[in-house]
Amino acid sequence: MRQRTPVVVNILIITVLLVIFYYLFVQSYSFLASPYFWGTVVISAILAYIHSAIGDLIENNKFKKLTAEEKAAYLAEKKVPFLRRQYEAAFKKQPDTLEKDILIDHGFDGIMELDNQLPKWWLGLFYFGTVFCIVYICAYAFTDFAHPLSEYDKEYKEQEAAIAIYLADQPPVTIETAVFSEDNIAEGEEIFKTNCVSCHSDGGRGGIGPNLTDNFWHNQPEKTLFKNIFHVVDNGVTGTAMQAWGKNGVLPGGDIEKVAAYVYSINQLKKPVTPKDGGAPPYGDEAHWEKQ
């Protein structure tokens, strides 16, 4: 008779598989605090004990039918610790008597084949993988579980909600708190294209409105260029088509900060678009901005 795996080891393996299975569905370890998970573990442990008890009855019945020598060998083997027995099963050569019993009557080039049983751990993984594949395919086909588009939509909505909460908790950007950041240039360009190109043309070279790439400014209420741009966009220019984008509630302070970053970049980080290159002629006085 072969020695059976201790029930404690079976319970440990079942618990590990349940943790893996729950995590694959929940995608977090929050289930460890759930009574449903631990209830599943307890029920599985009870079933494992029942299975072990039935195995003991079968084992006792088989033991009675053994000869005295077989009983002594079985009892001696049973005293060997489980881990040592597993190690020996993996690396220890089988006795010749056992090999004769499982020898298959064919071979090739003097190499014979033994009808060894597959390891229980291999069979367990195989059956678990088969069941998991069936459950996974059914879940993928008939539910939203593991569906990439559903997961993307869910995560996208969660991120949008988190951003909305973050922005709601932030104080509004004003001319006092606004600062230039290169990270805002790209978004500022998109806002500029949506709201400003009709007057200032593409790239800020000027048209109906003045050229924003040169160093001549008709309105210079602030001492630094970035703050000056923010002020003009926020308050507008009386008597011109330049409306007060901020004061009129069209653009929030954060968007004005981004537009100011873009205009600052085309004025300071790029070459001016001169009338020779298609830009509008200078308008206003030459500016002498303080360094930021």
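The coordinates are above.
Cut-offs used in this document
- Residues numbered from 1 in each chain as written.
- Predicted model: local features only at pLDDT ≥ 70, side-chain atom pairs only at ≥ 80, totals over all residues.
- Heavy atoms only, no water.
- Buried < 20%, exposed > 50% of the residue type's maximum accessible area, 1.4 Å probe, protein only.
- Helix = DSSP H or I, 4+ residues; strand = E, 2+ residues; numbered from the N terminus.
- Contact = heavy atoms within 4.5 Å.
- Salt bridge = Lys/Arg side-chain N within 4 Å of Asp/Glu carboxyl O.
- Core = buried A, V, L, I, M, F, W, Y, C linked by side-chain atoms within 4.5 Å.
- Disulfide = S-S within 2.5 Å.
- Lys, Arg positive; Asp, Glu negative; His and termini not counted.

Caption draft 1: Geometry of helix α10 (residues 225-235). Counting buried residues in α10 gives 8 out of 11 residues, a clear majority hidden from the surface. Among the residues of α10, Leu225, Phe226, Asn228, Ile229, Phe230, Val232, Val233 and Asp234 are the ones counted as buried. Buried positions along α10 lie against β3 (216-217) and α11 (253-268).

Caption draft 2: Representation of the pattern of salt bridges. What the rule picks out here adds up to 6 salt bridges. By sharing partners, the salt bridges in this structure join Arg4, Asp56, Glu59 and Lys78 into a single network.

Caption draft 3: A look at the nonpolar core. In terms of nonpolar packing, the biggest core is built from 25 residues, with Trp217, Ile229 and Val263 touching the most fellow members. The set of elements that each furnish at least two residues to this core consists of α8 (185-195), α10 and α11. Among the elements that make up this core, the one with the highest residue count is α11 (8 residues). In this view, Trp217 contacts Leu212, Leu225, Asn228, Ile229, Val263, Asn267, Tyr283, Gly284, Asp285, Ala287 and Trp289; residues no more than four positions away in its chain are not counted.

Caption draft 4: Representation of the state of the cysteines within the structure. The full count for this structure, using the stated rule, is 0 disulfides. For the unlinked cysteine Cys196, the closest cysteine sulfur is that of Cys199, found at 8.4 Å. Looking at Cys199, the relative accessible area reads 24%, which means it is partly exposed.

Caption draft 5: Quick peek at the side chain of Glu257. Relative to the helices and strands, Glu257 is located in helix α11. At 7.1 Å, Lys258 is the nearest oppositely charged side chain to Glu257, a buried residue that forms no salt bridge. Discounting chain neighbours no more than four positions away, the residues touching Glu257 are Val173, Thr177, Ala178, Val179, Asn184, Phe226 and Phe230.

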